[in-house]
Amino acid sequence: MNKKKVLIVGSSAKEYALARYLSKNSDIEKVYIAPGNVASEEFAERVDIRENSVEELLEFVVKENVNLTIASSPVAIKADIAGYFQANSQLIFAPLAAASAFATSRAVAKKFLYKLHIPTPKFGIFEKSQLAIDYVKGANMPLLITADDDKENSVRAVCANVSLAKTCISDLFLADEPKVVIEDYSYGHPFTVYVMTDGYRALTFSVVGDYKFLEDGDAGLFTRGVGAFVPDYKVSFDVVGNIMSSVVNPVLNSLEKRGNPYLGILGVECVLRPDNSYVVTGFTPFLKDHDAQAVLNSLNTDLYALLEACAVGSFADDYEDIPLNDLSTVSCVLYARKEGEVITGLEMLDDSALVSHFNTSKNNYFEYLTNKGRTLVVTQTASTISRARELLYDNVEDIYFEGKRYRRDICAE
């Protein structure tokens, strides 16, 4: 059997984790990553092409005889890399831009949820600062305020009073955000249900418990994610089943009827309330950076074969479910206050600990340097959640850089 070549399109921690995972597959000859990050050079060949340069990426895969392209970057997805590759008979695992608009835009997601009568927090979408400020004056606090396109460096905040909300809104519009989404903040346990789909049939891929606030006890900055655990023992099979029947299937059916079936991994972001009900807060078009390695560690099947089956259209025939192992995984994001601080201690970690890099860099001594903000994800797998947590924090303590910040209470309850 001829070995495969894979191209991954993206540059953050999830692409790093995916490239490392696939590089260990004996059936894969080579993993390319475009543009990748410096750390991904350890196991993949970086390609100097931007994520949204779909024509150049197509030329590359044709020239190098790449068997499968995996576009995990929202930038590439919004540039419709899937449509362009499919039109040129190149195999790609990614949703069409038209099919994924609800997963890359919070405003579209909120309207989509409302139209399908899926429970979601009360929200408003604004293109003018004053209208947004008028809205918060009469709203119940706290409020979650985000940009429509929630990028890594976007302003996002949970605001407990009108003054904080007005400041956040002003900051977003000063940053030239075209739309701001304001919604009631939902108290409860955040989690994400990931499904894999060929656009017609969906199977549960993973259920992940999420940590969004930077500080212990859900304090501090509200982030895109600073910790995760798999499987999420707080979410029952009944809740997951209800999400599949009442959220995932209606979403996929609606897209199919529009002629835009969604092919890829879809994350349904939810909050579990104390009464065991849930609300859907949004979607993600692939694995999130802080939980990608944890999800990959839970798989008990050939990931390449799974992705290829979706791309070629044999997914429904080949898979009745997605096999998972019985292990538990915990991840923790290390934050840096400044860019360019030397990272030490990585060589001291246990072999079972996996570190995924955001956009770290290297100095002349080949030492890794911090990226301001989310810098590293440390992931640990063990037979139980408590053991995985214990090993995780032992390894986190061995990593050092000036201004290191991280949550110490992941899976502490």
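These remarks concern the structure in this document.

Definitions and cut-offs
- Residues numbered from 1 in each chain as written.
- Predicted model: local features only at pLDDT ≥ 70, side-chain atom pairs only at ≥ 80, totals over all residues.
- Heavy atoms only, no water.
- Pairing = 2+ DSSP bridges.
- Helix = DSSP H or I, 4+ residues; strand = E, 2+ residues; numbered from the N terminus.
- Contact = heavy atoms within 4.5 Å.
- Axes fitted to C-alpha atoms, helices over the stretch in contact; angles between N-to-C directions.
- Phe/Tyr/Trp six-rings, centres within 6.5 Å; stacked < 30°, edge-to-face > 60°.
- Buried < 20%, exposed > 50% of the residue type's maximum accessible area, 1.4 Å probe, protein only.
- Lys NZ or Arg CZ within 6 Å of the ring centre and 35° of its normal.
- Polar contact = N/O pair within 3.5 Å; in protein donor to acceptor, adjacent residues only side chain to side chain.

1. Details of the sheet that holds strand β1 (residues 4-10)
The strand order β3-β2-β1-β4-β5 describes an open sheet built from five strands, whose pairing is parallel. Each end of this open sheet is capped by a strand with a single partner; those strands are β3 (45-46) and β5 (92-93). The pairing of strand β4 (residues 68-71) with β5 spans two bridges and is classified as parallel. Note on β5: the bridge partner recorded for I70 is F93. On the sheet, helix α2 (residues 54-64) packs against β1, β2 (28-35) and β4 and is oriented at approximately 165 degrees with respect to β1.

2. With respect to the packing of aromatic side chains
Taken as a whole, this structure holds 13 aromatic pairs when the rule is applied. Between the aromatic rings of F102 and F283, the centroid separation amounts to 4.9 Å while the plane-to-plane angle is 75 degrees, which identifies the pairing as edge-to-face. With F102 in helix α5 (residues 97-104) and F283 in strand β14 (residues 278-284), this residue pair connects regions lying 181 residues apart in the sequence. Taken as a pair, F102 and F283 share a single burial class, namely buried. Judged by centre distance (5.1 Å) and plane angle (55 degrees), the ring pair of F126 and Y135 falls under tilted. Note on accessibility: F126 and Y135 belong to one class, buried. Among the aromatic side chains, those forming a connected cluster through ring pairs are F102, F112, Y262 and F283. Sitting over the face of the ring of Y406, R408 holds its NZ or CZ atom 4.3 Å from the ring centroid.

3. Some points on the environment of D289
Position of D289 among the secondary structure elements: in the loop between β14 and α10 (292-297). As a C-alpha pair, D289 and T384 span 95 residues in sequence and 23 Å in three-dimensional space. A polar side-chain atom of D289 sits 2.8 Å from the main-chain amide nitrogen of K14.

4. Describing the side chain of E269
Counting through the fold element by element, E269 comes out in strand β13 (residues 264-272). Here K288 takes part through its side chain, which lies 3.2 Å from a polar atom of the side chain of E269. With residues up to four places along the chain from it excluded, the contact list for E269 reads F191, T192, V279, V280, T281, G282, F283, T284 and K288.

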